[in-house]
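Geometric and topological summary
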Amino acid sequence: MVNSLIHPKQGDKANSAWFEEFLVRLLENRDRTGLSEMIREIDALMITVEPGCSAAYVSELALMTPYHYLVTLESESHWTHILRIDMESPDLLVREVRDPGRGDIFRSLNEVYPIGAHKPNSRYMGEIFRVSNLHEVVEQQKGREIRFFNQDQIRKLELPGNMAIVKPSPYTHNVVAYWERPPEDMRVYALGNSVILDEVNRGYHAAKAIQEDLGLDKLIRPIDHLATRVYSQNREVAILEYLTLSSYYYWGSYDIANQNSSTNVTKSIHYADERISPAKVFTAANQPISSTIWWACRRRPKISCAITGRACTIWPWQSPTARPATRPTSITWSMRFGLGVRIFCWM
């Protein structure tokens, strides 16, 4: 039986007693039920880009990475470009929505944030894990109350039909997918028609020519790790969630105190070589940015309330001296943001 607890923890960051308790319980249960053995390496990574941008992005990846353009899967509303190094490293799936007006859950996750709304279709989607028994993995995960898209939803999202896809994480907004593939078989994605797009192919060959001329092809290696940013209050639960969905173990965490940040690393229990299954890293603030917000808000800046349309004043919620001397008589909207501020709006 796989033992996910044999690796000593690294780093200098202390975790809560709750995290340490549930980390052991989670990994012991995952090993005992066989999930650690059945869930293998990351087989592919999924990225989505803005309409009209995928050819340029594939060219950029061809120049900056060892990846090669393999084929494009044409479905009703998407181009999905498959990039590959070899069968020892994960594929890249670069998706481009063909209709700028098309909406889905992934676009909605971007549109709720002001920065994300500027490029609503551009996001890192998540990882696809190879498993040895897809049915058993899905049934066990459902028993743990993990929620999956059903086949009709996968079809409407125009994602490969030979996968089981977990719904987006509330902490990272990424997904994890599973598919069953014997290690000696090629990766084949059940989606659309296979085509070679001239624009993408020309850009790919031009980028590889530049890469070779500069000698970069001899220097750039496969992906070492993936990094995702989470809010400080979600750091521990995001790590535990990923360990629940994968066969990774908690390697450890380091504090970067002068940057108010921490780096939290998970690695594959099966493969020590990250080129086969990259490490997954979670970065998070150590504390909400309260003092900075307080000094930025000393003049009580006004913004427009998204609900009432009236002027609102920003107050840092953590500083006791930052509260209004006189509370508003009627607060119509109050929300705590990840940066550690509350927005009060009153009549």
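This is a predicted model, so every value here is computed, not measured. Counting restarts for each chain, with residues numbered from 1 along the sequence as it is written. In keeping with the model being predicted, local features are shown solely for residues with a pLDDT of at least 70 and side-chain atom pairs are shown and tallied solely at 80 or more, while totals for entire chains, interfaces and linings include all residues. Side-chain descriptors were evaluated using all non-hydrogen atoms of the structure, hydrogens and water having been removed beforehand.

This part covers the overall build of the protein chain. For helices the rule is a DSSP run of H or I covering at least 4 residues; for strands it is a run of E covering at least 2, with both sets numbered from the N terminus onward. Of the regular secondary structure elements, the protein chain holds 10 helices and 17 strands. The cut-offs for exposure are 20% and 50% of the maximum accessible area for each residue type, with area from a 1.4 Å probe on protein chains only; residues under the lower value are buried, those over the upper are exposed, and the others partly exposed. Taken across its 347 residues, the protein chain has 49% of its residues classed as buried. Whether two residues are in contact is decided by their heavy atoms: any pair within 4.5 Å suffices. Long-range pairs, those at least 24 residues apart, make up 67% of the contacts in the protein chain between residues at least 6 apart in sequence. With residues, only the protein chains shown are counted as cover, and all accessible areas are computed by Shrake-Rupley using a 1.4 Å probe. As displayed, the protein chain has an accessible area near 17700 Å², and 53% of this comes from carbon and sulfur atoms.

A few words on the pairing of strand 13 (residues 279-285). Across the seven residues that make up strand 13, a large majority, six, are buried. Two strands pair under a simple rule: DSSP has to find at least two bridges between them. In the sheet, strand 10 (residues 225-230) pairs with strand 13 via six bridges, with the strands oriented parallel. Bridging from a neighbouring strand, Thr-228 pairs with Phe-282 of strand 13. As judged from the six bridges shared by strand 12 (residues 261-268) and strand 13, these two strands associate in the antiparallel manner. Bridge pairing in strand 13 places Ser-262 opposite Ala-284.

Attention now moves to unusual backbone geometry. A positive phi angle, near 70°, is found at Glu-145, a position not held by glycine. With respect to the helices and strands, the residue Glu-145 is situated in the loop between helix 6 (134-143) and helix 7 (151-157). Even without being glycine, His-173 reaches a positive phi, approximately 65°. For His-173, the position within the fold is in the loop between strand 7 (164-165) and strand 8 (175-180). Note on His-173: relative accessible area 17%, which makes it buried.

In terms of residue burial, strand 5 (residues 91-97) counts as a mostly covered element, since seven of its seven residues are buried. Burial of strand 5 is two-sided: the residues Asp-91, Leu-93, Arg-95 and Val-97 facing one way and the residues Leu-92, Val-94 and Glu-96 facing the other way are all buried. Note that strand 2 (residues 39-49) and strand 5 share six bridges and pair parallel. Among the inter-strand pairings, Leu-45 is bridged to a residue of strand 5, identified as Leu-92. As paired strands, strand 4 (residues 78-84) and strand 5 are joined by six bridges and run antiparallel to one another. The residue of strand 5 that forms the bridge with Trp-79 is Glu-96.

Read across the open sheet, the five strands follow the order 1-11-12-13-10; overall the sheet is mixed. At either margin of the open sheet sits one strand with a lone partner, and together these are strand 1 (10-11) and strand 10.

Once that is clear, we can look at the environment of Ala-14. Mapped onto the secondary structure, Ala-14 falls in the loop between strand 1 and helix 1 (17-32). For the pair Ala-14 and Gly-252, spaced 238 residues apart in sequence, the C-alpha separation works out to 9.5 Å.

Exposure above 30% relative accessible area and the absence of a salt bridge qualify a residue for a patch, where like charges join within 9 Å and nonpolar side chains (Val, Leu, Ile, Met, Phe, Trp, Tyr) within 5 Å. What counts as a salt bridge is simple: a side-chain nitrogen of Lys or Arg found within 4 Å of a carboxyl oxygen of Asp or Glu. Together, Val-112, Tyr-113 and Tyr-231 line one region of the surface with nonpolar side chains, adding up to about 290 Å² of accessible area. As for its placement among the helices and strands, Tyr-231 is situated in the loop between strand 10 and helix 9 (235-245).

Attention now moves to the side chain of Thr-72. Summarising the element assignment, Thr-72 is placed in strand 3 (residues 68-74). A polar side-chain atom of Thr-72 sits 2.6 Å from a polar atom in the side chain of Tyr-69. Of note is the side chain of Thr-72, whose polar atom sits 2.7 Å from the side chain of His-81. Under this definition, polar contacts are N or O atom pairs within 3.5 Å; protein pairs additionally need one hydrogen-donor-capable and one acceptor-capable atom, and for neighbouring residues in sequence, both atoms have to be side-chain atoms.

Take the pattern of salt bridges next. Side-chain pairs of opposite charge can arise whenever the charged atoms involved come near each other. A full pass over the atoms with the stated rule returns 19 salt bridges. With a closest N to O distance of 3.8 Å, Arg-98 and Glu-74 form a salt bridge. Residue Arg-98 is found in the loop between strand 5 and helix 4 (105-111), and its partner Glu-74 is found in strand 3; the two are separated by 24 residues along the sequence. Overall, Arg-98 belongs to the partly exposed group, its relative accessible area being 33%. Residues Glu-274 and Lys-267 are paired through a salt bridge, measuring 3.3 Å at the closest nitrogen-oxygen approach. Residue class for Glu-274 comes out buried when judged on its relative accessible area of 16%.

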